[in-house]
Amino acid sequence: MHRLRTSRTALALVLVGTLALGLTSGCSTSDASTRAAASDDAPTTTAAPVTVPETIPDGTTLRIGDQLDYLKVVLAVSGQDQDLPYALEFASFVGGPPMLQAFQGDKVDAGFVASTPLIFAQAAGQDIKAVAGWAPERGLGGLLSADGSIRDWKDVKGKRIAYQRGTSAEAAVLGGLDSAGLTLDDITTVDVPITQINATLAGGSADAGLSTEPLISLYLQDHPDATLAIDADAITDRASFLIASGTTLDDDAKTAALADFTTRLVKAFAYLNDHRDQLADAVFVKQYGLTRERAQELVESGNGATEFLPLPGDIAGPQQKLADLFTAAGQIPDPLDVGPEFDSRFNDLVAAAQKETGS
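Asker: Explain helix H6 (residues 215-222) to me, please; I cannot follow it from the model alone.
Answerer: At 3.6 residues per turn, the α-helix brings residues three or four places apart onto the same side. Within H6, six of the eight residues are buried, which leaves it mostly tucked inside the rest of the structure. Among the residues of H6, Leu-215, Ile-216, Ser-217, Leu-218, Tyr-219 and Leu-220 are the ones counted as buried.

Next comes the structure, spelled out in structure tokens:
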């Protein structure tokens, strides 16, 4: 296990993946549903085909839920935040649950979350749809072992594991336990925000914790006996989604603005895929406080490259499996068909932007 050196000014964060695209002129239609036989236990959707509005009226404002200014930064670094044909307002959050509360209070029009909050939104009956999905080659999360005794998922049996319920960390735990033939009954859950994982481990209240960068690097630096027991390659849940409220998608002006915003995000991340040094400096060094050496290591290991996926497409299967795990664990009351979580109206626009950028 190699030691990592980081700045003590690192921001506490919930890191994310990356985004998708849109267009302000021209129409795009797509079938907002995929169907699979019920016998295959696959998700289904029933949404009718929809059309993306062509124009953005003057005076349109789009309110975006961001995570610690991540999207704001990548738009700025790539130059995609220039000459917007609408007003853009960012609201910054740490994690999906508070963002879902903001949607419930009509404080944001769109935002981005990992897979878990989208499942909990559906379970709670919130009118929220994923309109774009993406995943990096490699995530930034991992399971910290306070004393180095945990080496893989089977070793967590009987241990106290710290993570925040209702977030992608819980998804990672459920998936990891399942891969080892274990369930939540085999561990003691210590439910704390991700920003408190390090303190929880340091205080002896948990044996291990699901965390992410730069928090992982900080903890390893300060605790020589600790190890990153399970790294990002073993944390398979890396999907992120651009989500929008039903109210937004029923509003032609906001939908047109969201299409443009999505297009810009696709182009922004395509730019960063080809300029990983700028990604390392702007996000991992300046935003998250890592050393330049560690930042370069992270982006060069594969996290800097992002793939955008049509919805629901291949992403629906893993999302359904995750929802089933939450149901089995008693975290959501009733089984879900995750198909209605997805709205594919921007698929053609995303594909066009990817083709334009060669991504």
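Asker: Looking at this structure, I do not really get the nonpolar core. What am I missing?
Answerer: The nonpolar side chains of a soluble globular protein tend to be buried with one another. Counting 45 residues, the largest nonpolar core has Leu-143, Val-156, Phe-241, Ile-243 and Phe-342 as its most contacted members. In terms of residue count, helix H4 (residues 168-179) provides more of this core than any other element does, six residues in total. Residue contacts for Val-156: discarding those within four places in its chain leaves Leu-143, Ile-150, Ile-161, Leu-177, Leu-182, Asp-186 and Ile-187. The next biggest cluster of nonpolar side chains, apart from the first, holds 44 residues, and it includes Leu-71, Phe-261, Leu-272 and Val-299.

Asker: Explain unusual backbone geometry to me, please; I cannot follow it from the model alone.
Answerer: Excluding glycine, residues mostly have negative phi values, and the peptide bonds linking residues are mostly trans. Omega for the peptide link from Leu-311 to Pro-312 comes to -5°, which places this bond in the cis form. For Asp-83, which is not glycine, the phi torsion reads 55° and is therefore positive. On the basis of relative accessible area, Asp-83 is assigned to the exposed category, the value being 72%.

Asker: Just to check I follow, could you spell out the packing of helix H1 (residues 70-78) against helix H8 (residues 252-274) for this structure?
Answerer: The description of two packed helices rests on the angle between their axes and on the distance between the axes. Between H1 and H8, the shortest axis-to-axis distance is 9 Å and the interhelical angle comes to 70°. Between H1 and H8, the angle falls in the class roughly perpendicular. Like other packed secondary-structure pairs, H1 and H8 cross with a definite hand, here left-handed. Of the residues in H8, those touching H1 at Tyr-70, Leu-71, Val-74, Leu-75, Val-77 and Ser-78 are Phe-261, Arg-264, Leu-265, Ala-268, Phe-269, Tyr-271 and Leu-272. The class makeup of the residues in the contact of H1 with H8 is eleven nonpolar, one polar and one charged.

Asker: Even after reading the chapter, I still don't get the sheet that holds strand E11 (residues 227-230), so can you show me in this structure?
Answerer: Hydrogen bonds between backbone atoms are what pair the strands of a sheet, whose relative direction is either parallel or antiparallel. In space, the five strands of this open sheet follow the order E9-E8-E10-E7-E11, with mixed pairing throughout. Lying at the two open borders of the sheet, with one neighbouring strand each, are strand E9 (188-191) and E11. Taking each pair of neighbouring strands and ignoring which way they run, the sheet shows an average axis angle of 35°. Across five bridges, strand E7 (residues 141-145) lies against strand E10 (residues 208-212) in antiparallel orientation. Residue pairing in the sheet places Gly-142 in a bridge with Ser-211 of E10. Each of E7, E10 and E11 touches H6; the most contacted strand, E7, lies at about 25° to it.

Asker: Whenever I open this one, the packing of aromatic side chains confuses me. Can you help?
Answerer: Geometry of an aromatic ring pair is reported as the spacing of the ring centres plus the angle between the planes. Throughout the structure, instances matching the rule amount to six aromatic pairs. Judged by centre distance (6.4 Å) and plane angle (55°), the ring pair of Phe-269 and Phe-308 falls under tilted. Residue Phe-269 is found in helix H8, and its partner Phe-308 is found in strand E13 (residues 306-309); the two are separated by 39 residues along the sequence. Each member of the pair, Phe-269 together with Phe-308, is buried. An aromatic cluster of three or more residues is present, and its members are Tyr-70, Phe-269 and Phe-308.

Asker: Got a minute to help me understand the sheet that holds strand E12 (residues 240-245) in this structure?
Answerer: What the six strands build is an open sheet, ordered E4-E3-E5-E12-E6-E13; its pairing is mixed. The sheet is open, and its two borders are formed by strand E4 (87-93) and E13, each paired with just one other strand. For this sheet the average axis-to-axis angle between neighbouring strands, irrespective of direction, equals 25°. Sheet contacts for helix H3 (residues 115-123): strand E5 (110-114), strand E6 (128-136) and E12; angle to E5, the most-contacted strand, approximately 110°.

Asker: Just checking my understanding: could you explain the pairing of strand E8 (residues 160-163) for this structure?
Answerer: Along any regular strand, the residues point their side chains to alternate faces of the sheet. Relative to E9, E8 is paired through four bridges, and the arrangement is parallel. When the bridges of E9 are listed, Ala-162 appears paired with Val-190. Following the backbone out of E8, through H4 and into the adjacent parallel E9, one traces a crossover that is right-handed. In terms of strand pairing, E8 meets E10 through two bridges, oriented parallel. The residue bridging Ala-162 from the neighbouring strand is Gly-209, located in E10.

Asker: Sorry, what's going on with the pattern of salt bridges here?
Answerer: Where charged atoms of side chains with opposite charge meet at close range, the side chains can pair. Counting across every chain of the model gives eleven salt bridges. As a salt-bridge pair, Asp-178 and Lys-321 come within 4.0 Å of each other at their nearest N and O atoms. Residue Asp-178 is located in helix H4, and its partner Lys-321 is located in helix H11 (residues 316-328); the two are separated by 143 residues in the primary sequence. Overall, the relative accessible area of 37% leaves Asp-178 in the partly exposed class. A single network of salt bridges, built from pairs that share partners, joins Arg-63, Asp-106, Asp-109 and Lys-254.

Asker: When you look at the confidence of the model for the protein chain in this model, what are you seeing that I'm missing?
Answerer: Should the pLDDT be low somewhere, the predicted coordinates at that spot are not to be read in detail. Residues with a pLDDT of 70 or more make up 81% of the protein chain, whose mean pLDDT is 81. Within the model, pLDDT remains below 50 along residues 44-49, and this stretch shows 20 contacts once partners closer than five positions in the same chain are excluded.

Asker: Looking at this structure, how should I read the pairing of E10?
Answerer: Most of E10 sits inside the fold, with five of its five residues counted as buried. Burial of the side chains of E10 extends over both faces: Ala-208, Leu-210 and Thr-212 are buried on one face and Gly-209 and Ser-211 on the other.

About the criteria used
Residues numbered from 1 in each chain as written. Predicted model: local features only at pLDDT ≥ 70, side-chain atom pairs only at ≥ 80, totals over all residues. Heavy atoms only, no water. Buried < 20%, exposed > 50% of the residue type's maximum accessible area, 1.4 Å probe, protein only. Helix = DSSP H or I, 4+ residues; strand = E, 2+ residues; numbered from the N terminus. Core = buried A, V, L, I, M, F, W, Y, C linked by side-chain atoms within 4.5 Å. Contact = heavy atoms within 4.5 Å. Axes fitted to C-alpha atoms, helices over the stretch in contact; angles between N-to-C directions. Parallel < 35°, antiparallel > 145°, perpendicular 65-115°, else oblique. Left-handed = near helix turned anticlockwise from the far one by under 90°. Nonpolar A, V, L, I, M, F, W, Y, C, P; charged D, E, K, R; others polar. Pairing = 2+ DSSP bridges. Phe/Tyr/Trp six-rings, centres within 6.5 Å; stacked < 30°, edge-to-face > 60°. Right-handed = clockwise from strand over helix to strand, strands pointing away. Salt bridge = Lys/Arg side-chain N within 4 Å of Asp/Glu carboxyl O. pLDDT = per-residue confidence, 0-100.

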